[in-house]
Amino acid sequence: MDRLEQRNPGMRSGGSDMPKCVTKTAINTTSSLTWLSNSSLKESPGIWFPSIGAMQPQKILLYYIFRPLSDPAAVSLWQRKLCESLNLRGRILISEHGINGTVGGEIKDLITYIKQNKEYPAFKEIEYKWSEGSREDFPRLKVKNRAEVVGFGIPNELKVDAQGVIGGGEHLTPAELHELVDSRGEEVVFFDGRNAFESKIGRFKGAVVPETNTTHDFIREIESGKYDHLKDKPVVTYCTGGIRCEILSSAMKSRGFGEVYQLDGGIVKYGEAFGNKGLWEGSLYVFDKRMAVDFEPNVEPIGECQHCNGATKNFYNCSDDWCRQLTLVCDACVEGNVLSLDCVHD
């Protein structure tokens, strides 16, 4: 596809403030943390870009923002055309509450993608997270309209305004999280806001891991009464990039949890700041071909092989076509061809 210029299709109501076109722009990069002089970026300090010369030619971007969108369908159409024009792959979910995306591609195209997003007022303050990976980590581009950008099953409960989620937990930077733990000690409770299987290969030390297969299970869990003893404790919710905890922390507060925090930028930002030398242990599960990423070399795996209990971080699909549940299997068992054995799940 010709990526020199892709005109934005006609927008329906609410689309008048969309960028008028999608164009590729040359960026001059000189350092590993490269600031752009473009006037549209000056108004949002704190955005940095990896140097094209210093890093891999491809990367993965993770991002989200909660802002009211008057015409999600028009935004979805624009996002699809924009990503296609830049040859990006990944998954983008859009609702009336905002956008949640992970896309991979060449760094120069990702920078252009960021610049174009920043021309749309609702997306101007998105904070992007760069991750190792490439376009090939995704089979295709998916842009979907949904009732929720994260499926908790409470679309009518969630309220957002120009500042984000209304009534969510207090944001803590990684450094502020350490300050809270230093001052409150073992009173602080880490509450995992991901699917339970994700925690098998990495989690905060001593974290509470709810019995969840999908995000829809969280409301049932926090309403079950099994966590009522935490309602008077400082609870820190955490997830991969922060988006699930925006909603989870709000839902917990509205259900009587008195002191709820959320880790700003999620595990990704914490790992960038402290690696495995802080309160995090193991690897981070990600929803693409990589499946697991580490924040530093030679991380000791904390997952257990479901066949021999050996240490591993590697997930495989169950061999049973009727199951296909993700299964932790160590390298030795893979070499022993256990993946061809019968299903080990109940």
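Presented here is a report on the structure given in the accompanying data block.

Given a rise of 1.5 Å per residue, 12 residues ought to cover 16 Å, and the 17 Å separating the end C-alpha atoms of helix α3 (residues 107–118) matches this to within 8%. With 11 of 12 residues buried, α3 lies mostly within the body of the structure. Every buried residue belonging to α3 is among I107, D109, L110, I111, T112, Y113, I114, K115, Q116, N117 and K118, and all of these are buried.

With mixed pairing, the five strands of this open sheet are ordered in space as β6-β3-β5-β4-β7. The open sheet has two edge strands with one neighbour each: β6 (129–131) and β7 (141–145). Going across the sheet, the axis of each strand differs from the next one's by a mean of 15°, ignoring polarity. Sitting on the sheet, α3 touches β3 (58–66), β4 (89–95), β5 (98–106) and β6, and the angle it makes with β5 is about 155°.

A word on the side chain of Q79. Within the secondary structure, Q79 sits in helix α2 (residues 72–85). Among the polar contacts listed, one links the side chain of Q79 to the side chain of Y113, at a separation of 2.5 Å.

Let us look at the packing of helix α4 (residues 174–184) against helix α7 (residues 266–274). Packed helices, taken two at a time, are described by the angle between their axes plus the distance between the axes. At their nearest, the axes of α4 and α7 sit 9 Å apart, and the two run at 85° to each other. By the criterion of interaxial angle, the relationship of α4 to α7 is roughly perpendicular. Of α7, the residues touching α4 (which contributes P174, A175, L177 and H178) are K269, Y270, A273 and F274. Classifying every residue of the contact of α4 with α7 by side-chain character gives six nonpolar, one polar and one charged.

Moving on, we come to a negative patch on the surface. A contiguous patch of negative charge, built from E170, E176, E179 and D182, is present on the exposed surface. Tallying contributions element by element places α4 first for the negative patch, with three residues. Tracing the sequence through the fold places E179 in helix α4. Looking at E179, the relative accessible area reads 52%, which means it is exposed.

Right, let's talk about the pairing of strand β11 (residues 189–192) for a bit. Along β11, one buried face is formed by V189 and F191 and the opposite face, lined by F190 and D192, is buried too. Taken together, the four bridges between β11 and strand β13 (residues 234–238) define a ladder with parallel strand orientation. Bridge pairing links V189 to V235 in β13.

Thresholds applied
- Residue numbers here run from 1 along each chain, matching the order of that chain's written sequence.
- It should be noted that, the model being predicted, local features are given only for residues of pLDDT at least 70 and side-chain atom pairs only at 80 or more, the latter also being counted only at that level, while totals for whole chains, interfaces and linings use all residues.
- Each side-chain value is derived from all of the structure's non-hydrogen atoms; neither hydrogens nor water enter the calculation.
- Helix numbering and strand numbering both begin at the N terminus, where a helix is a DSSP run of H or I of at least 4 residues and a strand a DSSP run of E of at least 2.
- For a helix, the expected span equals 1.5 Å multiplied by the residue count minus one.
- Exposed residues in this analysis have more than 50% of their type's maximum accessible area, buried residues have under 20%, and partly exposed residues fall in between, with area computed by a 1.4 Å probe over protein chains only.
- For two strands to count as paired, DSSP must find a minimum of two bridges between them.
- Axis lines are fitted to C-alpha atoms, over the contacting stretch for helices. Their N-to-C directions set the angle, which ranges from 0 to 180 degrees.
- Pairs of residues are marked as contacts when any of their non-hydrogen atoms sit within 4.5 Å.
- The definition of a polar contact used here is a pair of N or O atoms within 3.5 Å, where within protein one atom must be able to donate a hydrogen and the other to accept one, and adjacent residues in sequence count solely through side-chain atom pairs.
- The cut-offs work like this: below 35 degrees is roughly parallel, past 145 is roughly antiparallel, 65 to 115 is roughly perpendicular, and the gaps in between are oblique.
- Ten residues, namely Ala, Val, Leu, Ile, Met, Phe, Trp, Tyr, Cys and Pro, are considered nonpolar, four, namely Asp, Glu, Lys and Arg, are considered charged, and the remaining ones, Gly among them, are considered polar.
- Patch definition: residues with relative accessible area over 30% and no salt bridge; like charges joined within 9 Å; nonpolar side chains (Val, Leu, Ile, Met, Phe, Trp, Tyr) joined within 5 Å.
- The accessible surface values rely on the Shrake-Rupley method and a 1.4 Å probe; as for residues, cover is taken only from the protein chains in view.
- A pairing counts as a salt bridge when a side-chain nitrogen of Lys or Arg comes within 4 Å of a carboxyl oxygen of Asp or Glu.
- Here Asp and Glu are counted as negative and Lys and Arg as positive; His is not counted, and neither are the chain ends.
- Working definition for charges: the position is that of NZ of Lys, CZ of Arg, CG of Asp or CD of Glu.

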